[in-house]
Amino acid sequence: EPEVTQTPSHQVTQMGQEVILRCVPISNHLYFYWYRQILGQKVEFLVSFYNNEISEKSEIFDDQFSVERPDGSNFTLKIRSTKLEDSAMYFCASSPDRYHEQFFGPGTRLTVL
Amino acid sequence: GDSVTQMEGPVTLSEEAFLTINCTYTATGYPSLFWYVQYPGEGLQLLLKATKADDKGSNKGFEATYRKETTSFHLEKGSVQVSDSAVYFCALSLPFSGGYNKLIFGAGTRLAVHP
């Protein structure tokens, strides 16, 4: 059964450093999403991406964040200058269209020291 | 704004007990409703969904009915197993909002089932 994969599973970085979180969505899906979950808090929507552009973003998704689909398979989330409060589990998701459920990856735990 | 409220956990049950996890929502439009489950060390998996009022979603013995009059989508299972131990998330989506189907999640409820 096809699944969404994410790498790395755990990333540790120093405050101020850039990180790139990688996701491989399910191959025939067209919509892509990033969510995050700070420890003990809700899963929060960050951004949705379709047709090579951002379709919606939340207030959390400020200028420090960017997303890219650099080739036909990967979908990345970049944080330019990490802050302590960026420490969270980041989930990637994809769906075949806007009316179908989203399929989630296992997440990347980001720890900012 | 749109939001989901679910009962706080942890919920601790013995095997074969009856499970209810309450979920209520606030939405400006007509949402689709979902339950996702997260097993230890894994990502979120869709457990069941309902897209209109009075729909009942069901999967793996779990059920939830979309109640528009009470804005609720409570999760139930008649007889839980140890393997059901996980975190359960209620969520909504407004697919016609122009928002491309973003999900709004509740805080999650941890379920622990003991033999």
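To start, this report covers the structure provided alongside it. (Residues numbered from 1 in each chain as written. Chains lettered and ligands numbered in written order. Predicted model: local features only at pLDDT ≥ 70, side-chain atom pairs only at ≥ 80, totals over all residues. Heavy atoms only, no water.)

Let us look at the overall build of chain A. From N to C terminus, chain A includes zero helices and eleven strands. Scaling as 2.2 N^0.38, a compact globule of 113 residues should have a C-alpha radius of gyration of about 13 Å, and chain A matches this with 13 Å. On the principal axes, the C-alpha backbone points of chain A span a range of 35 × 30 × 25 Å. The buried share of chain A, reckoned over its 113 residues, is 47%. Counting only carbon and sulfur atoms, one obtains 47% of the accessible surface of chain A, whose full area is about 5,700 Å². (Helix = DSSP H or I, 4+ residues; strand = E, 2+ residues; numbered from the N terminus. Rg over C-alpha atoms; globule rule 2.2 N^0.38 Å. Buried < 20%, exposed > 50% of the residue type's maximum accessible area, 1.4 Å probe, protein only. Areas by Shrake-Rupley, 256 points an atom, 1.4 Å probe, with all protein chains shown as cover.)

Looking now at the side chain of Glu56(A). The topology assignment puts Glu56(A) in strand 6 (residues 53-57). At a separation of 3.1 Å, a polar atom in the side chain of Glu56(A) contacts the side chain of Lys102(B). (Polar contact = N/O pair within 3.5 Å; in protein donor to acceptor, adjacent residues only side chain to side chain.)

Moving on: the interface of chain A and chain B. Interface size is commonly expressed as the accessible area that is lost once the parts come together. Each partner contributes residues to the interface: chain A has 21 residues there, and chain B has 22 residues. Carbon and sulfur atoms make up 55% of the surface buried where chain A meets chain B, a total of about 1,800 Å² over both sides. The interface formed by chain A and chain B includes two salt bridges. Notably, a salt bridge pairs Glu56(A) with Lys102(B), separated by 3.1 Å at the nearest N-O pair. Taken together, chain A and chain B are joined by five residue pairs in polar contact (both at pLDDT 80 or more). Those elements that place two or more of their residues in the side of chain A that touches chain B are strand 4 (31-37), strand 5 (43-50) and strand 6 of chain A. Looking at the side of chain A that touches chain B, its residues break down into ten nonpolar, seven polar and four charged. (Contact = heavy atoms within 4.5 Å. Buried area = accessible area lost by both parts, 1.4 Å probe. Salt bridge = Lys/Arg side-chain N within 4 Å of Asp/Glu carboxyl O. Nonpolar A, V, L, I, M, F, W, Y, C, P; charged D, E, K, R; others polar.)

Turning our eyes to something else, we now look at the sheet that holds strand 9 (residues 75-77) of chain B. Residue and element names in this part refer to chain B. Across the sheet, which stays open at both edges, the four strands sit in the order 3-9-8-7 with antiparallel pairing between neighbours. Each edge of the open sheet is held by one strand with a lone partner, namely strand 3 (19-21) and strand 7 (56-59). Averaged over all adjacent pairs, the angle separating strand axes in this sheet is 15°, with direction ignored. (Pairing = 2+ DSSP bridges. Axes fitted to C-alpha atoms, helices over the stretch in contact; angles between N-to-C directions.)

Here we take up the nonpolar core. Nonpolar side chains tend to gather and get buried jointly when the protein is soluble and globular. Residue and element names in this part refer to chain B. Of all hydrophobic cores here, the largest spans 28 residues; its most connected members are Leu19, Trp35, Leu47, Leu48, Phe73, Leu75 and Tyr88. Elements represented by at least two residues in this core include exactly strand 2 (11-14), strand 3, strand 4 (23-26), strand 5 (32-38), strand 6 (44-50), strand 8 (62-65), strand 10 (86-93) and strand 12 (109-114). The leading source of residues in this core is strand 10, at four residues. Beyond its immediate sequence surroundings of up to four residues, Leu75 is in contact with Leu19, Thr20, Ile21, Trp35, Leu47, Leu48, Phe62, Glu63, Ala64 and Tyr88. (Core = buried A, V, L, I, M, F, W, Y, C linked by side-chain atoms within 4.5 Å.)

Here we take up the state of the cysteines. All names here are of chain B. Within the structure shown, the criterion is met by two disulfides over all chains. Each sulfur of the disulfide joining Cys23 and Cys90 lies 1.9 Å from the other. Torsion about the S-S bond of the Cys23 and Cys90 cystine: about -70°, corresponding to left-handed handedness. With Cys23 in strand 4 and Cys90 in strand 10, this residue pair connects regions lying 67 residues apart in the sequence. On the basis of relative accessibility, which here comes to 1%, the residue Cys23 falls in the buried class. (Disulfide = S-S within 2.5 Å.)

Residues and elements named next belong to chain A. Read across the sheet, four strands follow the order 1-3-8-7 without closing on themselves; strand pairing throughout is antiparallel. The open sheet has two edge strands, strand 1 (5-7) and strand 7 (65-68), and neither has a second partner. The sheet shows a mean angle of 20° between the axes of neighbouring strands, direction not considered. Two elements, strand 1 and strand 3 (residues 19-24), share three bridges in a ladder whose sense is antiparallel.

All names here are of chain A. In total, this model carries 18 aromatic pairs over all chains according to the counting rule given. Residues Phe32 and Phe75 carry aromatic rings whose centres are separated by 5.4 Å and whose planes lie at 40° to one another, so their mutual orientation is tilted. Remark: Phe75 occurs in strand 8 (residues 75-79) and Phe32 occurs in strand 4; sequence separation between them is 43 residues. Judged by its relative accessible area of 4%, Phe32 is buried. (Phe/Tyr/Trp six-rings, centres within 6.5 Å; stacked < 30°, edge-to-face > 60°.)

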